[in-house]
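# Notes for the structure review
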2 protein chains.
Amino acid sequence: MSTAPWITYRPELKVLDCTVRDGGLINDHAFEDGFVKAVYDACVAAGIDYMEIGYKNSKQLFAKDRFGAWRHCDEDDIRRIVGENDTNLKLTAMADAGKSDWRTDILPKDKSVLDCIRVAFYVHQVSEAADMIKDAADKGYEVTANLMAVSTAQQAEVDQALEVLASSPASTLVVVDSFGSLYAEQIERLVKKYQDYGRATGKEVGIHAHNNQQLAFANTIEAIIHGANRADASLAGLGRGAGNCPMELLIGFLRNPKFSIRPIYQVLQDEMIPMSQVIEWGPFPQYHMTGQYNTHPREAMAARADESRRDAYVDFYDKLISDV
Amino acid sequence: MSTAPWITYRPELKVLDCTVRDGGLINDHAFEDGFVKAVYDACVAAGIDYMEIGYKNSKQLFAKDRFGAWRHCDEDDIRRIVGENDTNLKLTAMADAGKSDWRTDILPKDKSVLDCIRVAFYVHQVSEAADMIKDAADKGYEVTANLMAVSTAQQAEVDQALEVLASSPASTLVVVDSFGSLYAEQIERLVKKYQDYGRATGKEVGIHAHNNQQLAFANTIEAIIHGANRADASLAGLGRGAGNCPMELLIGFLRNPKFSIRPIYQVLQDEMIPMSQVIEWGPFPQYHMTGQYNTHPREAMAARADESRRDAYVDFYDKLISDV
């Protein structure tokens, strides 16, 4: 019996940075180019495998005069940051079912600097998701299937969706804890379930955790222990509401010498400290509550954004339990 | 097979609040009476089992004019807050090997409102700890054995210490991750090891986690899953450096209906938000680094306390790796 497996590593484990994509949900993706470039440079320097630079979302639903460039990820905008991306870092964008003009907005791979499309969907949208996955794969991309808010779906629905996805060309099935409500034992079961469905077609399992209960890093480790080979994280945990698994913790945990943590601390110092003066994210008590009640964090985000309600934890709690 | 064990509970699981004891390591235990009383009242209202109100440390080593009352926990000071403590909340204080005049300062139980003495020691101090445990048990207290910094001790030393403790009158052996460096798999092994040593004499296993890597809550859950029945936490995670397992997360996780979380949110709102304006604690990057390098957080605390160095993550990292 190996006695300390955590000090070695699996070369097939790959890390994805979702700082700009998930963090943009706080500020309508209105990041300055300098910030996006700094994240990109840090990812390259740190040996991170993928950077998710934003969404491929509809310009009808998300107007260009109200949302920043990273909500749409037009090719020109991406290339302004990465040029031809002549690095080992792969680039990805996320397309949501129900919110994306994917047939037109996702270009054939040979016209794009993107390497991978991540298809995000709720369980009832799995049929559109299957069409989106096929479309992106036909266009030449690596594709992942990100079934959101799995903590609120019925087990039978999840099984049905995974059955559809198992025969899709998606190469990865991602366990997505959108509400930050899952505990380690639940993560273990989901990872094993996704593996069972994906095994026959050689799919990897991924993990995308939210930090509502300060469990994003712990649940990411838990998924990795049980065989997940794709892990999402973001700089300083930047992401909607409570944020994501902090990249600095994940890279500090992983033992693959290809990763370098010093560029991560550098970009935290140079970019994320100033960013934290402008926008708020992190595991505040209101996010604990929505996580524990397995609900969307939108009410918690609204309370945190309102100075008169930010510190009123008990009022928030009373309203939450009377609403559920 | 039970499929969702996390929604039920073990009645024998007991929670200890260490807000004042561990938090006092930030401010030399100079808390106002009103704060200590508010913590006490919240613990009573929330159904918490134990409150650790401070240390029983030497007045020679920790002079009364430099340290607050909760470094010594004189009987009069405790009673000023709790009276005769006519509640279900048990009171505990911690005595350190090498830092306590335990023979004289720990009164016979019938002269004290304390219920339990927690004996803290490093592995090389286990012989004094055994004497302290016997002394406190002979005086009539429930006693726990808290072997600190187990992450830096040799396995053979830990085994030897546990063998000594197994035959002691301590009723609980506490897994103490002083440096916040342990991952879930390591917590599991330590809990099982402590259980193995304590089983013959009917001892419980406890967990005291630090939050350097945002793993204090996760590791506390992990210990509980593997059978630890004593869990430490503190309000808003208040504690030295990165702090402890946040009580609000632990109580939100536990399903025993005897616990009530609303008084916890109330005291967070009333006391912990103002406290966070005065002293700093939490999982900042410097604490990630000392946790990952399994070293004492004192250098990280010094860097965080110095405004000119607080944001210089890379300098701190460079110094840390050149020093180890």
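None of the values given here were measured: they were computed from a predicted structure.

The secondary structure content of chain A amounts to 13 helices and 8 strands. Taking 20 Å as the expected radius of gyration for a compact globule of 324 residues, we find that chain A reaches 19 Å, a close match to that expectation. Each principal axis of the C-alpha distribution contributes one length, and for chain A these read about 55 × 45 × 45 Å. Pairs at least 24 apart in sequence give 77% of the contacts found in chain A among residues at least 6 apart.

In this section: the packing of helix H11 (residues 285–292) of chain A against helix H13 (residues 313–323) of chain A. Residues and elements named next belong to chain A. The contact between H11 and H13 brings their axes to 10 Å, and the two run at 15 degrees. Between H11 and H13, the interaxial angle falls into the category roughly parallel. Considering how the two elements wind past one another, H11 and H13 form a crossing that is right-handed. Every residue of H13 that contacts H11 at Pro 285, Gln 286 and Met 289 is listed here: Tyr 313, Phe 316, Tyr 317 and Leu 320. Of the residues assigned to the contact of H11 with H13, the class counts are 6 nonpolar, 1 polar and no charged.

All names here are of chain A. For Asp 28, which is not a glycine, the phi torsion comes out positive at approximately 55 degrees. Examined against the element boundaries, Asp 28 turns out to sit in the loop between helix H1 (19–27) and helix H2 (33–46). Note on Asp 28: 13 C-beta atoms within 10 Å, which makes it partly exposed.

Once that is clear, we can look at the relation of the copies chain A and chain B. Under the fitted operation, chain A is carried onto chain B by 0.0 Å of movement along the axis and a turn of 180 degrees, and the coordinates agree to an RMSD of 0.0 Å. Such values leave the two copies arranged in the relation of a two-fold axis. Residue by residue, 100% of the interface of chain A is reproduced at the interface of chain B, so both copies engage with the same surface.

Residues and elements named next belong to chain A. For chain A, the domain assignment lists domain 1 (11–276) and domain 2 (285–323). Each of domain 1 and domain 2 was reduced to a C-alpha centroid, and the two centroids are 26 Å apart. Domain 1 puts 10 residues into the contact, and the matching count from domain 2 is 11 residues. Broken down by class, the residue content of the side of domain 1 that touches domain 2 amounts to 2 nonpolar, 7 polar and 1 charged.

A word on the packing of helix H11 (residues 285–292) of chain B against helix H12 (residues 298–305) of chain B. Residue and element names in this part refer to chain B. Between H11 and H12, the shortest axis-to-axis distance is 9 Å and the interhelical angle comes to 170 degrees. Viewed along their axes, H11 and H12 adopt a mutual orientation that is roughly antiparallel. Here H11 contributes Gln 286, Tyr 287, Met 289 and Thr 290 to the contact with H12, which in turn contributes Glu 299, Ala 300, Ala 303 and Arg 304. Along the lines of polarity and charge, the residues of the contact of H11 with H12 split into 4 nonpolar, 2 polar and 2 charged.

Turning our eyes to something else, we now look at the interface of chain A and chain B. Reports often express the size of an interface as the amount of accessible area lost when the parts come together. Contact with chain A, which involves 29 residues of that partner, is made by 29 residues of chain B. For the side of chain A that touches chain B, the secondary-structure elements that each account for two or more residues are helix H7 (184–198), helix H8 (216–225), helix H9 (247–253), helix H10 (262–278), H11 and H13 of chain A. Examining the composition of the side of chain A that touches chain B, we find that 6 residues originate from one element, H10(A), more than from any other. When grouped by side-chain class, the residues that make up the side of chain A that touches chain B number 17 nonpolar, 7 polar and 5 charged.

Before going further, it helps to spend a moment on the sheet that holds strand E4 (residues 116–121) of chain A. Residues and elements named next belong to chain A. On the basis of which strands lie adjacent, the closed barrel formed by 8 strands has the order E1-E2-E3-E4-E5-E6-E7-E8 and parallel pairing. For this sheet, the mean inter-axis angle between neighbouring strands, taken without regard to orientation, is 25 degrees. The pairing of strand E1 (residues 14–17) with strand E8 (residues 230–233) spans 4 bridges and is classified as parallel. Bridged to Val 15 within E8 is Ala 231.

Residue and element names in this part refer to chain B. Around the barrel, 8 strands lie side by side as E1-E2-E3-E4-E5-E6-E7-E8; this closed barrel has parallel pairing. Between one strand axis and the next, the sheet turns through 25 degrees on average, direction left out of account. Direction of pairing for strand E7 (residues 204–208) relative to strand E8 (residues 230–233): parallel, over a ladder of 2 bridges. Within E8, the position partnered with Ile 207 by the bridge is Ala 231.

Before going further, it helps to examine H11(B). Count 3.6 residues to each turn of an α-helix, and residues three or four apart come out pointing the same way. Residues and elements named next belong to chain B. When you tally the buried positions in H11, you get 8 out of 8 residues, the bulk of the element. Residues Pro 285, Gln 286, Tyr 287, His 288, Met 289, Thr 290, Gly 291 and Gln 292 constitute the buried set of H11. At the exit of H11 stands Asn 294, carrying a positive phi of roughly 55 degrees.

Turning our eyes to something else, we now look at the environment of Gly239(B). Here Gly239(B) shows up in the loop between E8 and helix H9 (247–253). Setting aside chain neighbours within four positions, we find Gly239(B) in contact with Cys18(B), Asp22(B), Gly23(B), His210(B), Ser234(B), Asn244(B) and Trp281(B).

This part covers the environment of Asn88(A). Positionally, Asn88(A) belongs in the loop between helix H3 (75–82) and strand E3 (90–96). With 41 residues separating them along the chain, Asn88(A) and Gly47(A) place their C-alpha atoms 7.9 Å apart.

Parts of the model with low pLDDT should not have their predicted coordinates read in detail. Mean pLDDT over chain A works out to 97, with 99% of the residues at or above the 70 mark. Reported for the predicted complex are a pTM of 0.97 and an ipTM of 0.96.

Let us now look at the environment of Ser276(B). Among the structural elements, Ser276(B) can be located in helix H10 (residues 262–278). Along the sequence, Ser276(B) and Ala228(B) sit 48 residues apart, while their C-alpha atoms lie 30 Å from each other.

Time to look at the pairing of E4(A). All names here are of chain A. For E4, the tally of buried residues reaches 6 of 6 residues, placing the bulk of the element in the interior. Burial of E4 is two-sided: the residues Cys 116, Arg 118 and Ala 120 facing one way and the residues Ile 117, Val 119 and Phe 121 facing the other way are all buried. Note: E3 against E4, 5 bridges, orientation parallel. Bridged to Thr 92 within E4 is Cys 116. As paired elements, E4 and strand E5 (residues 142–147) share 6 bridges and run parallel to each other. Bridge assignment links Phe 121 to a residue of E5, and that residue is Leu 147.

Quick look at helix H7 (residues 184–198) of chain B now. Its 15 residues give H7(B) an end-to-end C-alpha distance of 21 Å, which sits within 8% of 21 Å, the value for a rise of 1.5 Å per residue. Buried within H7(B) are the following residues: Ala184(B), Ile187(B), Leu190(B), Val191(B), Tyr194(B), Tyr197(B) and Gly198(B). The arc that holds the buried residues of H7(B), viewed along the axis, is 150 degrees, so those residues lie on one side. Packed against the buried residues of H7(B) are H8 of chain A together with helix H6 (155–166), strand E6 (172–176), E7 and helix H8 (216–225) of chain B.

Cut-offs and rules
Residue indices begin from 1 for each chain and proceed along its sequence in written order. All chains are assigned letters beginning at A, and all ligands numbers beginning at 1, according to the order in which they are written. Thresholds applied to this predicted model are a pLDDT of at least 70 for local features of residues and 80 or more for the giving and counting of side-chain atom pairs; totals over whole chains, interfaces and linings are not thresholded and use all residues. Under the scheme used here, helices are H or I runs from DSSP no shorter than 4 residues and strands are E runs no shorter than 2 residues, and both carry numbers assigned from the N terminus. What the globule rule says is 2.2 Å times the number of residues to the power 0.38, and the radius of gyration is computed from C-alpha atoms. Placing C-beta atoms from the backbone, we regard two residues as in contact once those atoms come within 7 Å. Throughout, an axis means a line fitted to C-alpha atoms (over the contacting stretch in the case of helices), and angles, computed between N-to-C directions, take values from 0 to 180 degrees. Reported orientations rely on four angle classes, namely roughly parallel under 35 degrees, roughly antiparallel over 145, roughly perpendicular from 65 to 115, and oblique for the rest. Working rule for handedness: look at the near helix, and if it is turned counterclockwise from the far one by less than a right angle, call the crossing left-handed; if clockwise, right-handed. Residues are grouped as follows: Ala, Val, Leu, Ile, Met, Phe, Trp, Tyr, Cys and Pro are nonpolar; Asp, Glu, Lys and Arg are charged; all remaining types, including Gly, are polar. As a rule, residues whose C-beta atom has 12 or fewer other C-beta atoms within 10 Å are exposed, those with 20 or more are buried, and those in between are partly exposed; C-beta atoms are placed from the backbone. We superpose the copies by least squares over the C-alpha atoms of residues that have a pLDDT of at least 70 in both of them. Either an automatic procedure or a domain database provided the assignment from which the domain bounds are taken. Two strands make a pair as long as DSSP finds a minimum of two bridges between them. The pLDDT value tells you how sure the predictor is about a given residue, anywhere from 0 up to 100. Multiply 1.5 Å by the residue count of a helix minus one, and that product is the helix's expected span. Note that the arc is defined by the directions from the helix axis to the C-beta atoms.

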